[in-house]
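An overview of the molecular structure
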Amino acid sequence: MELVFILGIPLCLAIVSLFLRRSGVFGILNAFGYLVILCVSLKLSFDITKNVTLFIPSTFFHIDALSAYFILLIALISFISSIYSIGYLASDVKEGAITERKASGYWMLYNLFAFTMFFVTVVNNLGVMWVSIEMTTLISAFLVGFYNTKKSIEAAWKYIIICSAGIVLAFLGTILLYYTVSRHGGINSLNWTDIVSVAGNLDPRVTKIAFLFILVGYGTKAGLVPMHTWLPDAHSQALSPVSALLSGVLLKTAFYAIIRFMIIVNKCVPVYYTQNLFIFFGIISLGIAAGFILVQKDIKRLLAYSSVEHIGIISIGLGFGGILGIYGALFHAFNHAVTKALMFLGAGSVVRKYKTSNMHLIKGVINVMPFTGVILILGAFALAGSPPFSIFLSEIMILTAGFQQGSYTGAILFLLFVGIIFAAIIYHFSKVIFGNKPQAIMVTHGQITAKLSLILLLILILIFGISIPVFFDKFILNAVEIIKG
Amino acid sequence: MLGWLLFAGFVLSMALVVTVGNALIFLIAWEIMSMISYFLVIFDHTHEKSVKAGIIYIVMTHIGTAFIIASFLILFKYAGSFDFAAFKSASRTIPPNLKHIIFLLLLVGFGTKAGIVPLHIWLPYAHPQAPSHISSIMSGVMIKTAIYGMLRFIVFILGIEGIWWGNLILILALLSCLVGVIYALMEHDLKRLLAYHSVENIGIILLGIGASMVFLKMNLPVLAVLSLCAGLYHLINHAIFKGLLFLCAGAVYKATGTRNIEKLGGLIKMMPWTAAAFLTGSLAISAIPPLNGFVSEWLTLQAFFLGALSSPGGYKVFFSICASLLALTGGLTAACFVKAFGITFLALPRSKGVTEAKEATFSMKFAFVFMMLLTVLFGLAAAFIIKLLVKVSGFIFGLNTEGMNFSINNFSLAIPQSGAYLSTPLIAIVFAAIAGICFLCVHLFAGRSRIGSYNTWDCGYYNLDARTEYTATAFSKPFRIAFNFFLLPYSKTEKIRESFYHVKSFKYEVFTTFIFRRYVYDPIISLVLLAAKQTRKIQAGSIHMYLAYILITILLLIFFYR
Amino acid sequence: MDIPICIGQTLLLMLFAPLVSGIIKKIKNNLRMRIGASVFQPYYNLAKLFAKEEVVSHNASWIFRVTPFIVLASSISALLLVPAFVSRISLNSMGDLLLIVFVLALGRFFLALAGLDTGSAFGGMGSSREMFISSLIEPVAVMSIFVVSLNAHSTNPQIISSMPVVAFSSIIAATSLFFVIIAETSRIPVDNQETHLELTMVHEAMVLEYSGRSLALIEIASYIKQIVFFSLIASVIFPWGISSGISIDSLLISIGAYCMKITILCVFISVLEVSAAKMRLFRVVDFASIAFVLSVLGVIISSMGR
Amino acid sequence: MFVDILLSAILITGFLMIAAKRIGAIIKGFISQSLILFLLTLLLAYKSHSVELYVVAGLLFVVKVILIPHFLSRIVKKIKVDENLGLFLNPTVSIFVALFFVYLSYIFTDKIVCVEEGIEHGAFSVSLSVILMGMFIMIFRMKAIAQIVGLLVTENGLFLAAASVSGGMPFFVEIAVFFDIFLCVIILELFVYKINKAFTHIDVHRLNGLKG
């Protein structure tokens, strides 16, 4: 039953937004819709933790703890950025930057984007999952190129081409997997549930190669380093609620696909194979992201590179393996989604106020927008991984798993790069937040919706930073159970 | 209002750090403490300098915490849980060479926070920028949480594995003492001068602790307890007199608006209470007898003497050299505080702004009096406090300390091994009695004193004003020449011209090159930035290159990683 | 019972102190083939100063007036700690040799502040140089005390002075202590007492502003400091003839031996003052390092058992 | 026997496309390749008598031979851009690289994966080389349209790989993939218009505003 709500609401919201003239009213309806989805996904995760059997229309769809976890993530972030985009779009329309029609176009794209992301986590067939990930790229390309400036069109073009080229490799990996499943496994279906049951006797050589293709393919979408080049351009040019969704959740859905394949591969190939790959890509992502963040001038690109860094941390978490490593990786996915959404939304209103995203020109945010300034500096500390916030907890879990598993070099490099990134983020953000205010900027109070969404996110980080709620802990443990197989 | 909130949070986090029993929560409290003190350092963020200081501070402490996290995780690997008890029981099973690594990690981690020399870079930046009452807490208490951490984790939990641990700490402590005091002598910003003295006093505390670790390894339990008592006692005394000094510096800054002692002068006439408080603080810090600074230095010297007495040949010379360098530090501190007190408070005011300085408010005066009483009390009641500290260090080392008592009847300290006695109350009484007797004799025999007043001797030059007074730079010139191999001083002179031909005045400024920043930290930072600039070339904008990256990665992976 | 002995001893030494520098001046003048002032000239100067009117500068604060008493009190309490004729001193529980160094530091601290107080260039220069020299000399003093105490296994002067045999390293310690005395009592190679030439004076520059009664007190304090250091060498390092009991004849013998040792020291000092020339201030660093190396040598030798 | 001819024909059309200098030539090459692919799937369908394969072949013909070329030529007419493709590597060198790719894919299929194919021995390596050729076109041609065609060629290669390895993906997945390719071409076409309007040229090589 929940499935119908989760997929249905975004679809009909998308259709409704086409006919509606005044986008302000629709914004509130939209936010309400996503609130319903959030509640439904919460109820879904409650049922799963108490392992109530769910009513699923056909074997085409499959929901277990892992997909419910990602559904919850997507629902939460899309709800909060839908609140934020009400105010964001209203002021855009008022300033005349975009027409009324374009605003309703935005809402249509926003709902389609959310729909495709939900579809990825829900679908059972790996081929259809590939198609839906490809659809997310196509739809979000419009959102990236929304303002039709030179830079955003260039970013959108790069985004589509690089992601499609990357995803082609992922499809080749799926084909190879399908080959071994049909040749050695004996069944002719791409459904994940069937493949998992038969994964024991696949041919290891072909599955290894298939996993390489999958990792590089979906790694492009997830933003692992050699294939991350589209990420900074796309995230810095998109509208801030969209880039919050993009880096908060879209990267994670790509990683969800990689995890699905990892479960299969780990059943027939020794575990260290996938773990070394994850650690290798994770450490490179951390290193390169650290380099970029240090000398970054644009605030949104800095946040984009920190997404690359955190994706690297998640992949290192998976690489370290063990209950603690995977738990830490999943928990880090949640924390990063929430913190990054906070930072992008906050940075979005700052960039809109200062009309530039060059950090050398933005000074004294705490005087101009006291509320957002305080939230931004706290968010910067959260992003950099300092304690009262949740990212510190998940980083410590991943590190403990690393030391537990004995891969000291990986853990030491992890600590080194996280240290450099901490220094870089604090350096940039304290230069931006503090200092005296440039004369041209007047002190005005921000919109209510922006403040509401930022407060919600900050509370979330703090709650999960102090101690993880029992229900959430059991929920992640179920997901970890599935991954460890 | 925000200031009070941060202040309360700061004190709470420090209390948490020292009372918590689980390593993970210790880490959380530790980082929250650094974060809140970062916000306090950046409190008046309109100045560019305080933002820069805040950044250096939080980055250095975080790097230190990274080291601490690494050592905790190694311990966790063996202990299975983050509790101190589990750590302590696991420390027996850890192989020795791993213990050395953990010790080094902990030393660097807590050393950055304590401000031991190679890692002290942030201290002279962070403390002066914070509001004075905060920098007095930061200097007095926050640095000591690092010492608590060292004692708790290195001595109590890990247990001392090699004798070179104590020696390493002793050498670092000596380095901190000398470097701290030499840079303090060259410093003309009052609060930065006090910050450098915090580095020096941390060195003295670590001298005590390092010596106790060496004695423990040489299984001389009595000596180990004595030197640890000396270290802990100096820890408390430093908190008191440094807090007092920072409060006075704050009062001076509030009254005159500047911290540069070259511009101050003659404040004793306008701010008598602050002057008296600063004088007591300087006497205490320069280890002048009746006050508390002297007792802990005397105890450390006694510990070194006993160490020299009862240890084999090589260590005898090492401990005596430690003692003499400690005395050298004491002498230099006395010189530095004569300069600080003399130039700030005595003689004539050197700039107009200073003349209308007003005395501190009542609440500040109350704080001064309270702290002055504390310095005197902790000096006189030394014997009683040592009794408590003996129990504390007994607990830390896990020895029973019934047999060792270093204080006879709550008044005087007695070191049984070296037969040396010290009773500060007696010193104070004898000193006062003698001064009284002399005053009486002088008045009785020489009759009423006829005191006329005239202006200072000026060799016939008619009006002598503040410009001929000795300045702080001049005062520290002999030291600059004596230690120029370390300070590498360079000076800038500037002619301020009224017209092309006529030079109105000279501006002469002397700077010292900070060796550690120029030859250790700047190269590392420029190296990292250079590497970062190279990585920027990856994102050079052409889509073709990006696609080529993907193709190359997949080809390499397939052919090389099977 | 031994408190009156100790008080008596201190009073006698205070009386005897100005005579010592009188003797030194007398020997120096004889060496320079001059007759010079009589041995009791310091007493006449003090009497004159007490009678004179005192002039205090406008800029001076209360520190300027309090300093003479603090300096004198610190010198006298240092004197109390030093055994001269009797090896047992009553105020034993007050402190040990190290305390003497620190108590003298108190007097020096206030003297330097007084120098800065009047705001004249001479005062500032004097206190800067004084603090510079004393901070370099203090480690040497502590090191030589260490050597002596290591030989006697205690820093308590009473135990050291009742040691029967004088070890070879204590003699080295005595020479390095001799260097300290030269620096502390502002003798020629480090500082010139008699001149008021601003290039050379250190101690004199600080007390330049004092006059009348306060100058007299400070003069007495410096004489007492001098006798403290002399008796440190004479009766602590070389305790020959020092009496342990309080019988009259042993007291007489110890006073005789003490005067002998003091005169030998005065001869050494005056020969050095006449033959050497004053060093530049920054050569004091080498002077102090020589003394320091000497005392380290003393420690090494004492660690080898002798 | 027929399958070998068709496979080699696909390879030849691939080489033609790589050697092409003008946009028109590359589009014609793509059309011919899709046509040959359609014939191959017809042959396969005839051999395995499965109705689904016929539907897939028909779909392939409609989408890849009629609709997509129509859109591509529409872009070319509308934008009135000059014909040459802007090559990084001149045709001879690109042919050598293409040959190297074919050699690579042969090594890959024989040694690494040793796949016993459904239909013919060389089919999987041909499909791999077609994919690599598609990637080559995307990387070493400057014009935006070349990148679209390169993407479509890789999709062709994918379809061939699926057909050669396991007799084609499950029917529903094939439909979804074709629908997705069609949608992708439309959106790319839309963006080519946008680039043309914003930059007055569609030379992707000069699109490097976003650096660092």
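Up top you'll find the structure we're talking about.
Let us look at the structure shown here. (Residues numbered from 1 in each chain as written. Chains lettered and ligands numbered in written order. Predicted model: local features only at pLDDT ≥ 70, side-chain atom pairs only at ≥ 80, totals over all residues. Heavy atoms only, no water.)

Across its full length, chain A carries 19 helices and 0 strands. For chain A, buried positions account for 73% of its 485 residues. Within chain A, contacts between residues at least 6 apart in sequence are counted, and of these 80% link residues at least 24 apart. Carbon and sulfur atoms provide 72% of the accessible area of chain A, an area that totals close to 13300 Å². Side chains of chain A give 30 positive and 16 negative charges; the mean places of these two sets differ by 8 Å. (Helix = DSSP H or I, 4+ residues; strand = E, 2+ residues; numbered from the N terminus. Buried < 20%, exposed > 50% of the residue type's maximum accessible area, 1.4 Å probe, protein only. Contact = heavy atoms within 4.5 Å. Areas by Shrake-Rupley, 256 points an atom, 1.4 Å probe, with all protein chains shown as cover. Lys, Arg positive; Asp, Glu negative; His and termini not counted. Charge placed at Lys NZ, Arg CZ, Asp CG, Glu CD.)

What follows concerns the overall build of chain B. Scanning chain B from terminus to terminus reveals 23 helices and 5 strands. Computed over C-alpha atoms, the radius of gyration of chain B comes to 27 Å, within 12% of the 24 Å expected from 2.2 N^0.38 for 562 residues, which places it in the range of a compact globule. Expressed as a percentage of its 562 residues, the buried residues of chain B come to 61%. Just so you have it, chain B exposes about 21000 Å², and 71% of that area is on carbon and sulfur atoms. One finds the centroid of the 41 positive side-chain charges in chain B at a distance of 5 Å from the centroid of its 20 negative side-chain charges. (Rg over C-alpha atoms; globule rule 2.2 N^0.38 Å.)

So, about the interface of chain A and chain B. Residue-level contacts link 62 residues of chain A with 45 residues of chain B. Together, the buried faces of chain A and chain B total about 4800 Å²; carbon and sulfur atoms form 81% of this surface. Three residues stand out in chain A for area buried against chain B, namely Val-295, Phe-403 and Phe-434 of chain A, and they jointly supply 11% of the buried area on that side. Where chain A packs against chain B, one counts 1 salt bridge. A salt bridge links Lys-431 of chain A to Glu-48 of chain B; the nearest nitrogen and oxygen atoms lie 3.6 Å apart. (Buried area = accessible area lost by both parts, 1.4 Å probe. Salt bridge = Lys/Arg side-chain N within 4 Å of Asp/Glu carboxyl O.)

All right, on to the packing of aromatic side chains then. The final tally for this structure, using the stated rule, is 90 aromatic pairs over all chains. Taken together, a centroid distance of 5.9 Å and an interplanar angle of 85° make the contact between Trp-4 of chain B and Phe-7 of chain B edge-to-face. Taken together, the residues span about one helical turn, with Trp-4 of chain B and Phe-7 of chain B both in helix H1 (residues 2-19) at a distance of 3 residues. Residue classification places Phe-7 of chain B among the partly exposed positions, given a relative accessible area of 24%. Centre to centre, the rings of Tyr-183 of chain B and Phe-486 of chain B are 5.3 Å apart; their planes meet at 45°, and the pair counts as tilted. With a gap of 303 residues between them, Tyr-183 of chain B in helix H8 (residues 163-186) and Phe-486 of chain B in helix H21 (residues 484-487) connect regions that are remote in the sequence. This pair shows no difference in class: Tyr-183 of chain B is buried, exactly as Phe-486 of chain B is. Following the ring pairs from residue to residue traces out a cluster consisting of Phe-46, Tyr-69, Phe-70, Tyr-256, Tyr-327, Phe-331, Phe-334, Phe-464, Phe-471, Phe-472 and Phe-475 of chain A. Between the NZ or CZ atom of Lys-102 of chain A and the centre of the ring of Phe-146 of chain A, over which it lies, the distance is 4.2 Å. The ring of Phe-156 of chain B has Lys-88 of chain B sitting right over it, with the charged end atom 4.7 Å from the ring centre. (Phe/Tyr/Trp six-rings, centres within 6.5 Å; stacked < 30°, edge-to-face > 60°. Lys NZ or Arg CZ within 6 Å of the ring centre and 35° of its normal.)

Time to look at the arrangement of the chains. Take the 4 pairs of chains in contact: the one carrying the most contacts is chains B and C. Kept free of each other, chain A and chain C leave a smallest C-alpha distance of 41 Å between them. In this assembly chain C lies apart from chain D, the nearest approach of their C-alpha atoms being 56 Å.

This part covers the side chain of Gln-226 of chain C. Residues and elements named next belong to chain C. Its location among the elements puts Gln-226 in helix H9 (residues 212-237). Since its relative accessible area comes to 3%, Gln-226 is described here as buried. In contact with Gln-226, other than residues within four places in its own chain, are Val-20, Ser-21, Ile-24, Thr-185 and Arg-187.

Honestly, that's just the spatial picture; any functional story needs more than this.
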